[in-house]
Amino acid sequence: MTDDVPAPDDPAAMARASADVGLLDVAEADADRVELDGDEEDTSPYAAGTFAKVGSGMAVLVALVAAPYAAPDLDAKLARSVGVCSEPEPGVAADDCSFARAWLPGEPVPFWNVIGRELMGEGAVEEEAAAQVEETQELAAALLDRDDTDVPLPDKVIVTPPTDGTTDAPPPYTPHEDDGLEVPRALELPSGDALDPFFAALARSDIGYEGAITRVSQWGDSVMSADNVTSALRTSMQRRFGDAGHGFHLLAPPNNSYRHRGIRFKTSEWQHCYIINKCKPDAHFGFGGTTVWSGGGAQSVYRTVQDAAFGRSWSRAELWYAEQPAGGKIRLDLDGGEPTFVQTRGEALTDRWFTLAMEDGPHRLKVKAAGEGRVRMHGIVFERDVPGVVWDGMEQLGAFTSRMMYFDEAHLRAQVEHRDPDLLVFMFGGNDLTLSARNVARYEDIWKDALERFRGPADGVDGVPARPCLLIAPVDHGKRKGQQIISDPAVAEIVSRQRRAALAAGCAFFDTPAAMGGEGAAGRWRKADKPLMAGDLAHLTHAGQKVIGHYVYLALMAEYVAYRARSPGASPSP
Amino acid sequence: MLFPTLDYLLFVLPVLVLFWAVAHRPGARVLLLLAASYFFYMAGPKTTPLPTPWYFVGLLVTSTVLDFVCGHQIYARSAAASSADGATARAARRVRNGYLAASVVGNLGLLGYFKYTDFFLATATDIAGALGLSWAAPSLHIALPLGISFYTFQSLSYTIDIWRGRLTPERSFLRFALFVTFFPQLVAGPIVRASELLPQLRRRPKLNAVRLEEGLFRILKGLGKKVILGDWLAGHFTDAVFTNPGAYTSAEIMVALYAFTLQLYADFSGYSDIAIGTARLLGFDIPENFDRPYQSRNLGEFWRRWHMTLSTWLRDYLFFPLGGSRGGPVRTYFNLWLTMFLVGMWHYKTGTSWNFVIYANLHGLAMLFNRWNRTRDRSLPVVRKTMTWGAAMLALGVSCTALGHVALGLPFYSAVGLGGFSVAMFLLVAVLPTTGSPLNTALHIGLTFHFTVLSRIFFRAPDFATASELCQRLLSWDGRLLRPDLLPWGLWAVLVFGLAYHWTPKTWVDGRLWRLFARVPGPVLGVLFAAMALALMRILDGSPKAFVYFQF
C-alpha cells in the first residue's frame, strides 16, 4: 500500500491529494463489517400527509392519461378542431390523428412478454418473423463481407464467336453456384420471352464472346441514392458475367447524395441543371438527367479504384456532350499525358459523343472546359473491352415518375439509342406515394407515357420490338401508429398500379415490398439489430440496399437460367 | 421492462401505492417488492428485437439460490477457519474456498456462456483465417438474458464480502432474493452491493415528503435526459451515421461522435436517475453512477466518475485482491491493465468482438499512461531523458502505425497519420503540468474528453469494418463541411445544450432547479409528468429505444 494515495472514503484527503487521482490510484479502505441482524422495531403506519403531495400528483397523472379514453376519438377530434390534423379526403386512407392515447387498439398489449407472447399465443408468429429478419440481416452481412475485398476479379477467357451461326454450337450452359439459391421473390413477366433479348446478350457475355458487353441502364428515385442498389446489382452481375466497366457517370453531382461506388470522382465549378427543376428550355437533360455547362475552368477528375474488386480498369471513356453554336473546347487529360481536345461548336444543338481509347488498366482522366466558348456535357461512360456486364445507375433524387416526361422526346431517344442498353430498368414510386388521388387514378397512364418516352411504343416500331424493360417497385414505406410501425397504405396501391402498367407495356415487374416480407416489413427492417431501413422509414440503409439488389439479381438469374434451359442448342447470334 | 413506456407506468403506479400502504409491515413489503420485481423482469413490452422470453427468469432464480446457499455455507465455517487447531482451520478454509469458487464460477460461468461464447467462437474463426485455415466456428446466436451483467456482479458481492468477513449472511431467503432482483436497478444498474442494500431492506423504508419529491425530481430529470438527449439524437442522427458512414463527410462523422458521446451519457445516466428516483420513492437509497464524467482531467478521474458502480466494483473485487498498487511497478501496471481491460470487455456486445478488445485496450493503456505520467521521475538528466523519450516516441509511433495498417486495414499514409497523431497527443499530455492554471485544467479536460469521444468509435460501431471505415474517414479528412440540412435546428439546440449543460455547475440543477421543483404543488406535478409523457410519445421513434446499456 503506497503512502501517497488517499483512502477512497476520506473526502478531505482526496481533495488534498494530487489533482489527477484516479479510480485505481487510491488505497484499499478497511471497511467496517456489516452485521445483518436485528429486526426493526417501528411498525407504525406512515403519517398520511407523507404521501399527500405525491399522491395528488399521481392522481392527476392517472386522470390525464385516462382522459383521452373517456370518449371515442376524443384526442383525434381535438387535433382536427385546432387544425393540426386534417380531415380525411374521400377515397384516401385517413391519417391517425389520435395523439394522446398511450395505447391504441391493435397495438401489442401491455406486458406483452407474458400476456401477449404466452397467454395470447403471439410469440410463435413473432419469433418466425424475427427469425426471417435475422436471416436477412445475416444475408446483408454476408453480402457486405463478400464485396469488401480488394482482390481483383478475373476476366473471362475470351471466346471467338461463330460467324456463320451454324457451325460451332455454343458451349452448354454451365450452372453457377448461385443457381441453387432460393429466390425470395420471382419476376412477374407479361410473357415467357419478354426478357429473352436481354438474356441472349447475357448469354454471349456468359460464354465470353469477344466484344460481348451486356448493358443495363437503370433510372430511379432516391432509393438508388449513393449508388447502393445499382452497385449491388453491378457487383453481383459483374462477379458472374465479367466486369466490363463502371458505366455512366455524371460530370457534376446534382445534389449531395450523388456518390458512385467503384470510381473516384472530384469536380468543381460546373453549372448544372437537374431535370426535376426543369431549368433548361431545350429539355436536353442528358442520359443521366443532369446536364452541365461552363464557359471555361470547370473540371471533373475520374480515377479507377485499387481497393475494390471492381472498377480497377478502363479501356475507353466516352464523353457525352452537346454540339451547339458558340460551343467551346473540352480538354481531356489522360494520366497526365498529352491532352486531347474536343471541339463542340456546331450549327445546332446536337447530341454528340467522343470516345477516348486507352490500354486496359488503371487510369486517371481529367475533363475540363477549356474555353473558347461554352461547353455543355451530359455525362461520361467508362467501359472495358472485355466480355461482361455494365450496369448504369442514374439516380433522380426527389423525382416523381412523371418528371421523366420533362425529357425532350427526340433527345432522350437519341441518348438511349446511342447507349443501346440490352435492358432498361426503372425504380420509381417512392415519391409517387404522395400523389393526389386524381394522379393516382391516372398512374398507369403516367407510366405508359414514361416508358414510351424511353423505349418507344410497347409494340415496337417497324417490326423492331421495344427494348426489354424491368420495373422494380418502390420499397415498403413505414408509418408510425402509436407504438407500431405499419406499412404505408399508399404503397400497396402504387405497387398494384405499377404492376399493371409494367405488364401492359411488356415489361417485367419485381414486387419489392413482397420481397421484403409484406405488411410491416418497413418496421421490421427498421428495428432490426443492424437496421436495414433508415429512420425516415422510406429509404434503405446500405445493408438493406445490398439485400434488395441481391433479391433482384436472384430473380433475374432464375429467369436467365430458365432461358438457357429452354434454348440449349440455340446459338445466340453475335 | 423499459422505463419510458406505458407498461412501466401501469406497473409502477399501483406498486408504489400498494407499497406505501404496507411499507411499515416488514414481511408484506418484502413479498410485494419481490413479486413486483419478478414481474418487472418477466413482463416487458414488445420490442424489436423481441425481448428474451419470460422463462429466462430461471437464471435469476438459479443465481439467487446459488449465492444464498454459498453465503451461508461460507459463513458457517468462519469460526472454524480461524481455529487454533491448524487442521480444523485448513479444512474449514478449504470448504469456504470451495463454496466461494462455486459462487464465482457459477455466476461468472453463466455470464461467460451467455455473453462471451459467440465472442470466443468468432475469435477462433478469425484466428483460423489468419493462419490460413478454412474453418469457421458455428455462430450460436445465444440470447443474452436481460441484466445478467448487472445482477451477476451484484450477487457476487454478497458471497465475496461474506468470505472476506465484511458481511454476515442474510437469514431470510426472500429478503436476499429481493436484494438480487430489486427492480429499480435490476436490468441496467447501478450495481448495488449487498452491504449497501441488504441493511436497508431490513429497516423501515425512509419515506417522507421531501424524499418522495426528490425521487420524482430524479425521475423527471432522467426521463428528460434519456429521451430528449438520448433517444432523439440516436433516432434522428447518430444511428444513421454509424450505420452508413460512407454517406457522410468527415466533419459530419466528427459531429456524430460528439452527439453519440452526449447520447451515451444521457441514456445511461438518465436511466440511473430514474432507477435512483424510483428507489427513493420506495424509501431506499442506491448509489450514484455518474458524476459529470466529461469534466474529468484524465482517464483515471474519468473512470472514477463514469459508471462508478461498475468501475469501483472491479476495483474492489479484482484490482485490490490482485494486489492493487502494492507490488512492484510491473505487477502494478499489469493489475491496472487487467482491471481496465475487463472494464472495457464488460461492454462487449455480440457481433462486435474486436471493437471492444481495442476499446478495452485503449482505456487500459491510457490508464497505465495516466499512472506513469503522475508518478514518473521528472528530474532525469537531459541527455538520458532525450534518448529515452526519443526511443519511446518512435516505438509508440511505429506501434500505432502498425495497429492502424495491419489491424484496422488503414492505407499506409492514414496509418502513419494515426501514429503521428498518437505521438503528438502523448507528448502534449506528458508535457502539460498535471496541475496549474484554469487554462491548463481546461486543456486537460479537453484532451480527456476527446480521447473518450474518439474511443467511442469502437464502442458504437456495429462491427469492425465500420470502425475501420470511421477511422479512415477521420484520418483522410475530406475537407467538406456540414450539409445545411444535416440536423433540424431543434437537434442542433439539443446537442449544444446537452454538451454545454455538462460543464455547468451541478448546483444549477441539483440546487436551483430542485428548489423550484419542490415549490410546485402536487396536482401541477401531475400535469408536468403528463406533459412529459405526451412529449415522450411524440419524440420517441414509434417505441422507445432500449437503454444502450441493456445490451450489456
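These numbers were taken from a predicted model, which means no experiment stands behind them.

Trainee: So, the side chain of H246(A): which residues are in play, and what are the values?
Mentor: All names here are of chain A. Secondary-structure assignment places H246 in the loop between α7 (228-241) and β2 (247-249). You can call H246 buried: its relative accessible area is 4%. Polar side-chain contacts of H246 include one of 2.9 Å to the side chain of H260. Sequence-distant contacts of H246, defined by excluding residues within four places in its chain, comprise D227, R234, H260, R261, G262, I263, F382, V390 and W391.

Trainee: Can you tell me about the sheet that holds strand β13 (residues 388-395) of chain A, naming the residues and giving the values?
Mentor: Residue and element names in this part refer to chain A. Pairing within the open sheet is parallel, and its five strands lie in the order β13-β1-β14-β15-β18. Only two strands of the sheet have a single partner each, and these edge strands are β13 and β18 (508-510). Ignoring which end each strand starts from, the neighbouring axes of this sheet average 20° apart. Pairing geometry for strand β14 (residues 423-427) and strand β15 (residues 469-472), over three bridges, is parallel.

Trainee: I'd like to hear about unusual backbone geometry, residue by residue, with values.
Mentor: In this structure, the amide linkage connecting G189(B) to the following residue, P190(B), adopts the cis form with an omega of 0°. With respect to the element layout, P190(B) can be found in the loop between α7 (173-181) and α8 (194-202). The phi dihedral of A283(A) is positive, around 60°, even though this residue is not glycine. Inspection of the secondary structure puts A283(A) in the loop between β4 (271-274) and β5 (290-294). With a phi close to 55°, D335(A) is a non-glycine residue in the positive phi region.

Trainee: Pulling in residues and values, what's your account of the packing of aromatic side chains?
Mentor: Residue and element names in this part refer to chain A. Inspection of every chain in the model, using the stated rule, returns 77 aromatic pairs over all chains. Seen in terms of ring centroids, F199 and Y560 are 6.0 Å apart; in terms of plane orientation they differ by 55°. Their pairing is tilted. Remark: Y560 occurs in helix α14 (residues 542-566) and F199 occurs in helix α6 (residues 196-207); sequence separation between them is 361 residues. Assessed through its relative accessible area of 0%, Y560 is described here as buried. Seen from their ring centres, W314 and F382 are 4.0 Å apart, and the 25° between their planes marks the pair as stacked. Residue W314 is found in strand β7 (residues 314-323), and its partner F382 is found in strand β12 (residues 375-383); the two are separated by 68 residues along the sequence. The residues W314 and F382 share a single accessibility class, namely buried.

Trainee: Could you give me a rundown of helix α3 (residues 57-76) of chain B, with the residues and numbers involved?
Mentor: Residue and element names in this part refer to chain B. Taking 1.5 Å of rise per residue, the 20 residues of α3 would be expected to cover 28 Å, and the 29 Å separating its terminal C-alpha atoms lies within 8% of that figure. Every buried residue of α3 is accounted for by V57, L59, L60, S63, T64, D67, F68, C70, G71 and I74. Buried residues in α3 make contact with α2 (26-42), α4 (78-81), α5 (86-130), α6 (148-163) and α7.

Trainee: Describe in detail a nonpolar patch on the surface, supporting the description with residues and values.
Mentor: Residues and elements named next belong to chain B. On the surface, a nonpolar cluster with roughly 440 Å² of combined accessible area is contributed by L31, V61, V65, V69, F173 and L174. Only α3 and α7 provide two or more residues apiece to the nonpolar patch. Broken down by element, the nonpolar patch gets its largest block of residues, three residues, from α3. Looking at where F173 falls in the secondary structure, it is placed in helix α7.

Trainee: Lay out a negative patch on the surface with the relevant residues and their values.
Mentor: Where like charges cluster on the molecular surface, the negative patch consists of E134(A), E135(A), E138(A), E182(A) and D529(A). Structurally, E135(A) can be placed in helix α5 (residues 123-147).

Trainee: Give me the lowdown on the confidence of the model for chain A, citing residues and values where you can.
Mentor: Parts of the model with low pLDDT should not have their predicted coordinates read in detail. Residues and elements named next belong to chain A. Considering every residue of chain A, the mean pLDDT works out to 87; 90% of them sit at 70 or more. Taken element by element, chain A is modelled with least confidence in helix α1 (residues 11-16), mean pLDDT 49, and with most confidence in β18, mean pLDDT 98. Low pLDDT, under 50, characterises residues 1-6; the stretch is placed with 15 contacts to residues that sit more than four places away or in other chains. In the model, residues 15-19 has pLDDT below 50 throughout and makes six contacts with residues more than four positions away in sequence or in other chains.

Trainee: An account of the environment of K280(A) is requested, with residue identities and associated values reported.
Mentor: Residues and elements named next belong to chain A. Position of K280 among the secondary structure elements: in the loop between β4 and β5. Once the C-alpha coordinates of K280 and F407 are considered, the two residues, 127 residues apart in sequence, prove to be 9.9 Å apart. Apart from the residues lying within four places of it in its own chain, the contact partners of K280 are C273, F285, T291, W293 and R376.

Trainee: Tell me what's going on with the interface of chain B and chain A, and back it up with residues and numbers.
Mentor: Counting residues at the interface gives 102 residues for chain B, matched by 78 residues for chain A. Summed over both partners, the interface of chain B with chain A comes to about 7700 Å²; 59% of that surface belongs to carbon and sulfur atoms. The largest contributions to the chain B side of the interface with chain A come from K46(B), R204(B) and R374(B), which together make up 9% of the buried area. Applying the counting criterion to the chain B and chain A interface returns two salt bridges. Here the element with the most residues in the side of chain B that touches chain A is helix α21 (residues 522-539) of chain B; it accounts for 10 residues. Counted by class, the side of chain B that touches chain A contains 50 nonpolar, 27 polar and 25 charged residues.

Trainee: So what's going on with the nonpolar core? Residues and values would help.
Mentor: Side chains of a nonpolar character, in soluble globular proteins, are inclined to be buried together. Among the nonpolar cores identified, the biggest contains 166 residues, and F11(B), W20(B) and W303(B) are the most heavily contacted of them. Ranked by the residues each element gives to this core, the list is headed by helix α10 (residues 250-281) of chain B, at 18 residues. When near neighbours in sequence (up to four residues on either side) are disregarded, W303(B) contacts L23(A), S311(B), M340(B), V343(B), H347(B), Y359(B), H363(B) and M367(B). In terms of nonpolar packing, the next biggest core, distinct from the first, is built from 45 residues, M237(A), L423(A), A521(A) and A543(A) among them.

Trainee: Please provide a residue-by-residue account of the packing of α6(B) against α7(B), values included.
Mentor: All names here are of chain B. One can describe the packing of α6 onto α7 by two numbers: an axis separation of 9 Å at closest approach and a directional angle of 140°. As judged from the angle between their axes, α6 and α7 are oblique. Where α6 approaches α7, its residues Y151, Q154, S155, S157 and Y158 are matched on the opposing element by F176, F179 and V180. For the contact of α6 with α7, the residue count by class is five nonpolar, three polar and no charged.

Trainee: Help me get a handle on the state of the cysteines, residues and values and all.
Mentor: Residue and element names in this part refer to chain A. Scanning the model with the defined rule gives two disulfides over all chains in all. Between C273 and C279 runs a disulfide, and the two sulfur atoms are separated by 2.0 Å. An S-S torsion of about 105° defines the bridge between C273 and C279 as right-handed. Take C279: its relative accessible area is 35%, and that puts it in the partly exposed class. A disulfide bridge connects C469 with C507, and the sulfur atoms are separated by 1.8 Å. Residues C469 and C507 share a disulfide whose torsion about the S-S bond is about -85°; that sign makes it left-handed.

Calculation criteria
- Just so you know, the residues in each chain are numbered from 1, in the order the chain's sequence is written.
- Chain labels run from A onward and ligand labels from 1 onward, assigned in the order the entries are written.
- Whole-chain, interface and lining totals are the exception, using all residues; otherwise, since this is a predicted model, local features are given only for residues with pLDDT of at least 70 and side-chain atom pairs are given and counted only at 80 or more.
- Side-chain metrics rest on all non-hydrogen atoms present in the structure, leaving aside hydrogens and water.
- Under the scheme used here, helices are H or I runs from DSSP no shorter than 4 residues and strands are E runs no shorter than 2 residues, and both carry numbers assigned from the N terminus.
- Summary of the burial criterion: residues with accessible area below 20% of their type's maximum are buried, those above 50% are exposed, and those between are partly exposed, where the area comes from a 1.4 Å probe applied to protein chains only.
- Between N or O atoms, a polar contact is any pair within 3.5 Å; within protein, one atom must be a potential hydrogen donor and the other a potential acceptor, and residues adjacent in sequence are included only when both atoms are from side chains.
- By definition, residues are in contact when any of their heavy atoms lie within 4.5 Å.
- For two strands to be treated as a pair, DSSP must find at least two bridges joining them.
- Note on geometry: axes are C-alpha line fits, over the in-contact stretch for helices, and angles between N-to-C directions span 0 to 180 degrees.
- Pairing of aromatic rings covers Phe, Tyr and the six-membered ring of Trp, with a centre-to-centre limit of 6.5 Å; geometry is then stacked below 30 degrees between planes, edge-to-face above 60, and tilted otherwise.
- To estimate how far a helix should extend, the number of its residues minus one is multiplied by 1.5 Å.
- Patches here are clusters of residues that have more than 30% relative accessible area and form no salt bridge, with a 9 Å joining cutoff for like charges and a 5 Å cutoff for nonpolar side chains (Val, Leu, Ile, Met, Phe, Trp, Tyr).
- Here the open area of atoms and residues is found with the Shrake-Rupley method and a 1.4 Å probe, where only the protein chains shown may cover a residue.
- Each salt bridge in this description consists of a side-chain nitrogen of Lys or Arg and a carboxyl oxygen of Asp or Glu lying within 4 Å of one another.
- We treat Lys and Arg as the positive residues and Asp and Glu as the negative residues; His and chain ends play no part in the count.
- Here the site of a charge means NZ on Lys, CZ on Arg, CG on Asp, or CD on Glu.
- Known as pLDDT, the predictor's per-residue confidence is scaled from 0 to 100.
- Once two parts are joined, some of their accessible surface, as seen by a 1.4 Å probe, is lost; buried area is that loss totalled over both.
- Here the nonpolar group is Ala, Val, Leu, Ile, Met, Phe, Trp, Tyr, Cys and Pro; Asp, Glu, Lys and Arg are the charged ones; every other residue, Gly included, is treated as polar.
- The criterion is simple. A nonpolar core is a set of buried Ala, Val, Leu, Ile, Met, Phe, Trp, Tyr and Cys residues joined through side-chain atoms within 4.5 Å.
- Between 65 and 115 degrees an angle is taken as roughly perpendicular, under 35 as roughly parallel, over 145 as roughly antiparallel, and anywhere else as oblique.
- Two cysteine sulfur atoms make up a disulfide if the distance between them is within 2.5 Å.

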